[in-house]
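Summary of the model geometry
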Amino acid sequence: MTKKIYIFDTTLRDGEQTPGVSLNPQEKLEIAKQLESLGVDVIEAGFPRASNGDFEAVKLISQNIKKSVVTALARCNKGDIDRAYEAIKYAPKKRIHVFLATSDIHMKYKLNMTEDQVLEKATNMVTYAKTLVEDVEFSAEDGSRTRKEFLYKILESVIDAGAKVVNIPDTVGYSIPAEYGELIKGVKENVKNIDKAIISIHCHNDLGLAVANSLAAIENGAEQVECAINGLGERAGNASLEEVAMALKTRKDCYSNETNICSEKIYRVSKLVSHFTGITVQPNKAIVGANAFSHESGIHQDGVLKNRETYEIMTAESVGFSTNNMVLGKHSGSHAFEDRLITLGYNLEKERVMEAFKKFKDLADRKKEISDRDIEALVNQGVVPIEDVYKLINFNVTTGNNIESTATVKIEYNKVEKIEAACGDGPVNALYNALERAIDIKPELKDYSIKAITSGTDALGEVSVKLTLKDKTVLGIGVSTDVIEASLLAYMNALNKLN
Ligand SMILES: [Zn+2]
């Protein structure tokens, strides 16, 4: 009999704790919409008590997501739980997710509480959360290092209090598959009322075992997997959603489980998350890496040509990876372009399609063949439109090996034009120095990186910069066939986000 496995995505909560990642509410909403269309059962939208920005993002998501359950994280106190409820209350399907540490080391050093105190607090707070919503999940933080008898006892108590889902996380990524599987089996056998709740798991990848541990837990009775797109998350990250989903699908013969995931949408979500977070997926990453479906060895290529199954256990198409490259150019019309967008999984409003088409035409003047990767780079930029308070009018740079680079930048800010010039160590530095003189804020440049979207000398360059102003950090992206221009556009994009 096939059993349903619930996919709980925590890209927007644990994933956002990835060092250096910061998403604004609009970007989070766009990701949540994509997760909903991917078929994710539960979307963990954030930790509302953590900050006002987090609260607003969770609220926005709960106002817009209809099919998936929207959940928010709360510590075991009324303030956190109330705040979580205020943020998720608009969602048709809502859940409060409370957590408390249960391992000896966490209770002794972090909480300074005894087992009895932890048991009482967890039970009371689940009872309290139940007065607000029907669906409550309890996480025993550091569950994999918790004394087993105590784990059974606390799970039984929170289930009695009404928890519908009990999560046993491997918070520190210490477990190995056989041991973690045994742990879940033990919970199933020893918690008396476990049939009244769903067992959930949440694995971290510190030893590279998050997906393996998750699968071992499923084999032993876990029914909900907490995971994140591209394996984002604290430290080495969480179990990767795409790997868990495709392992369950490809090896259905072993797991006889089913998920709600529409696998053909995986690649598109992965790209969007990578774009918004600025975290590039490594090329050899399973499922969504650029090389995941390319065969380099002649023997492999020959085999695949004769019969794909010689070296392919799943198709690129099954995860939405388009293999159709370099199809559009200068003479392609808006219909062909729109068709390509649909094939690539975009579902944009007419206005946004036309904006993207204009960018595409500009690009076609500078680049002969436009690949799907180019189109993704152009379109992802406009997915969440931002107001252009700062506009670039023109720039000029002089550079060379024996002269100091000099740059002039002309921008428009609040409808007023400003022109400034500066020197610098190289053209980008000179441009940024000039730009900094033209604006009235002093953001700090935290990060700058550049990559080519495709190969060839006319390739699109994508520059990402991170700017920090007070406690706000934003990511700006600029795309152009000219890397100097891309650098400037990235900085302008970040400035507009800071505004
Ligand atoms: Zn975690």
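Everything numeric in this text was worked out from a predicted model, so none of it was measured. (Residues numbered from 1 in each chain as written. Predicted model: local features only at pLDDT ≥ 70, side-chain atom pairs only at ≥ 80, totals over all residues. Heavy atoms only, no water.)

So, empty space enclosed by the protein
Threshold: Cavities and pockets are defined on a 1 Å grid built over the protein atoms alone: a cavity is a set of grid points where a 1.4 Å probe fits but cannot escape, while a pocket is an open set with protein on both sides within 12 Å along at least five of seven lines, and lining residues are those with an atom within 4 Å of any such point. Grid points are joined across faces, edges and corners, and a volume is the space filled by probe spheres set on the points. Labels follow the DSSP assignment, with helices taken as runs of H or I lasting at least four residues and strands as runs of E lasting at least two, numbered in each case from the N terminus. By the convention adopted, Pro, Cys, Tyr, Trp, Phe, Met, Ile, Leu, Val and Ala count as nonpolar, Lys, Arg, Asp and Glu as charged, and the other residues, Gly among them, as polar. Residue ranges labeled as domains rest on an automatic or database domain assignment.
According to the stated counting rule, one finds 3 cavities of 30 Å³ or more in the structure shown. Of the voids in this model, the largest cavity is the one considered here, and its volume is about 120 Å³. Asn 24, Glu 27, His 275, Phe 276, Asn 380, Gln 381, Val 384, Ile 386, Leu 475, Ile 477, Asn 493 and Lys 497 are the residues that line the largest cavity. Every element with two or more residues in the lining of the largest cavity is listed here: helix H11 (266-277), helix H15 (372-381), strand E16 (472-480) and helix H17 (483-498). Of the residues in the lining of the largest cavity, the class split is 5 nonpolar, 5 polar and 2 charged. For the lining of the largest cavity, the two domains that each supply at least three residues are domain 1 (3-277) and domain 3 (390-498). As a volume, the second largest cavity reaches approximately 70 Å³. If you trace the second largest cavity, you find it lined by Leu 348, Arg 352, Glu 355, Ala 356, Lys 359, Leu 378, Val 379, Gly 382 and Val 383. Counting residues per element, the ones that place at least two in the lining of the second largest cavity are helix H14 (350-366) and H15. With 4 residues, the single largest contributor to the lining of the second largest cavity is H14. Classifying every residue of the lining of the second largest cavity by side-chain character gives 5 nonpolar, 1 polar and 3 charged.

A short note on the UniProt feature "binding site: Mn(2+)" (unreviewed entry) in the chain
We count it as follows: UniProt positions are given in the numbering used here, feature names are shortened, and annotations may be inferred rather than shown by experiment. The contact criterion used is simple: two residues touch if any of their non-hydrogen atoms lie within 4.5 Å.
The sites that UniProt annotates as "binding site: Mn(2+)" (unreviewed entry) are Asp 14, His 202, His 204 and Asn 238. The greatest C-alpha distance among the residues just named is 10.3 Å, despite their covering 225 residues of sequence, which places them together in space. Turning to its location among the elements, Asp 14 is positioned in the loop between strand E2 (6-9) and helix H1 (25-38). Not counting the four nearest positions on each side in its chain, Asp 14 is found in contact with His 202, His 204, Gly 233, Glu 234 and Asn 238. With respect to the helices and strands, the residue His 204 is situated in the loop between strand E8 (198-203) and helix H8 (210-219). Residues in contact with His 204, not counting those within four places in the same chain, are Asp 14, Asp 170, Thr 171, Gly 173, Ala 210, Glu 234, Arg 235, Gly 237 and Asn 238.

Examining the pairing of strand E6 (residues 135-141)
So the rule is basically this: Summary of the burial criterion: residues with accessible area below 20% of their type's maximum are buried, those above 50% are exposed, and those between are partly exposed, where the area comes from a 1.4 Å probe applied to protein chains only. Strands are treated as partners if at least two bridges between them are detected by DSSP.
Within E6, 7 of the 7 residues are buried, which leaves it mostly tucked inside the rest of the structure. The two faces of E6 match: Asp 135, Glu 137, Ser 139 and Glu 141 on one face and Val 136, Phe 138 and Ala 140 on the other face are all buried. Bridge analysis of strand E5 (residues 94-101) against E6 gives 7 bridges, and the strand direction is parallel. When the bridges of E6 are listed, Ala 101 appears paired with Glu 141. With 3 bridges joining them, E6 and strand E7 (residues 165-170) adopt parallel strand pairing. Its bridge partner being in E7, Glu 137 is matched across the sheet by Val 165.

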